[in-house]
Amino acid sequence: QVTLGESGGGLVQAGGSLRLSCVVSRSLFAMNGMGWYRQAPGNQRELVASINTGGSQNYADSVKGRFTISRDNSKNTLSLQMNSLKPEDTAVYYCFCDVAFGRRYWGQGTQVTVSS
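Here's a quick rundown of the structure. Keep in mind it's a predicted model, so treat the numbers as computed, not measured.

### A short note on the nonpolar core
Stage number 1. With 31 residues, the main nonpolar core has Trp36, Leu80, Met82 and Tyr93 as its most contacted residues.
Stage number 2. Looking at this core, the elements with two or more residues in it are strand S3 (18-24), strand S4 (33-39), strand S5 (46-52), strand S7 (67-72), strand S8 (77-82), strand S9 (91-98) and strand S11 (110-115).

Written as structure tokens, this is what we have:
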């Protein structure tokens with residue numbers, strides 16, 4: 001079993017920054033991949049960023065250059081640094097991690113609201 005504890009969302013003005021954290025209940029070395037999706041009302045769920053066991057990072061075009069995904073293996077924590085936030089970044093953000101046999105675990109979600 002794996003649990004993900006997600007935090008760091010909030011209200012920020014356009015141009016500001018937030019850092020999301022996702023604490024995983026087991027070693028990140030056991031994960032095949034990790035990342036964040038986001039979803040706003042009326043919008044499709046979007047893969048925002050991901051990172052694999054080798055450290056290779058992938059980003060949605062909409063956040064490339066503004067968001068950075070990283071891992072702290074000593075603290076079993078996945079982070080998403082979000083800079084230069086825009087109102088269109090407003091959504092609920094869900095972290096995830098993938099383990100063996102195709103199983104995906106999800107965080108509870110954290111609300112990010114960017115005001116104009």
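Having seen the structure, we can now continue with the description.
### Things to note about the pairing of S9
Stage number 1. Within S9, six of the eight residues are buried, which leaves it mostly tucked inside the rest of the structure.
Stage number 2. Alignment of S4 against S9, held across seven bridges, turns out to be antiparallel. Counted as the bridge partner of Gln39 is Val92 from S9.
Stage number 3. Where S9 and S11 come together, three bridges link them in antiparallel fashion.

### With respect to unusual backbone geometry
Stage number 1. The backbone of Asn76 sits at a positive phi, close to 50°, despite the residue not being glycine.
Stage number 2. Within the secondary structure, Asn76 sits in the loop between S7 and S8.
Stage number 3. Phi at Phe101 takes a positive value of approximately 70°, unusual for a residue other than glycine.
Stage number 4. Its location among the elements puts Phe101 in the loop between S9 and strand S10 (104-106).
Stage number 5. Among the residues examined, Phe101 registers a relative accessible area of 88% and is labelled exposed.

### A word on the pairing of S7
Stage number 1. In the sheet, S7 pairs with S8 via six bridges, with the strands oriented antiparallel. Its bridge partner lying in S8, Ile69 is registered against Leu80.

### Notes on the environment of Gly42
Stage number 1. Mapped onto the elements of the fold, Gly42 is located in the loop between S4 and S5.
Stage number 2. Sequence spacing of Gly42 and Ala100 is 58 residues, and the spatial spacing of their C-alpha atoms is 32 Å.

### Thoughts on the side chain of Thr77
Stage number 1. Summarising the element assignment, Thr77 is placed in strand S8.
Stage number 2. By relative accessible area, which is 13% here, Thr77 ends up buried.
Stage number 3. Among the polar contacts listed, one links the side chain of Thr77 to the backbone oxygen of Lys75, at a separation of 2.9 Å.
Stage number 4. Excluding anything up to four places from it in sequence, Thr77 contacts Ser21, Cys22, Val23, Leu28, Ser70, Arg71 and Asp72.

### So, the environment of Val99
Stage number 1. By secondary structure assignment, the location of Val99 is in the loop between S9 and S10.
Stage number 2. Since its relative accessible area comes to 11%, Val99 is described here as buried.
Stage number 3. On a C-alpha basis, the gap between Val99 and Asp61 in space is 26 Å, while along the polypeptide they are 38 residues apart.
Stage number 4. Residue contacts for Val99: discarding those within four places in its chain leaves Val2, Ala30, Met31, Asn32 and Tyr105.

Scoring rules and cut-offs
- Residues numbered from 1 in each chain as written.
- Predicted model: local features only at pLDDT ≥ 70, side-chain atom pairs only at ≥ 80, totals over all residues.
- Heavy atoms only, no water.
- Core = buried A, V, L, I, M, F, W, Y, C linked by side-chain atoms within 4.5 Å.
- Buried < 20%, exposed > 50% of the residue type's maximum accessible area, 1.4 Å probe, protein only.
- Helix = DSSP H or I, 4+ residues; strand = E, 2+ residues; numbered from the N terminus.
- Pairing = 2+ DSSP bridges.
- Polar contact = N/O pair within 3.5 Å; in protein donor to acceptor, adjacent residues only side chain to side chain.
- Contact = heavy atoms within 4.5 Å.

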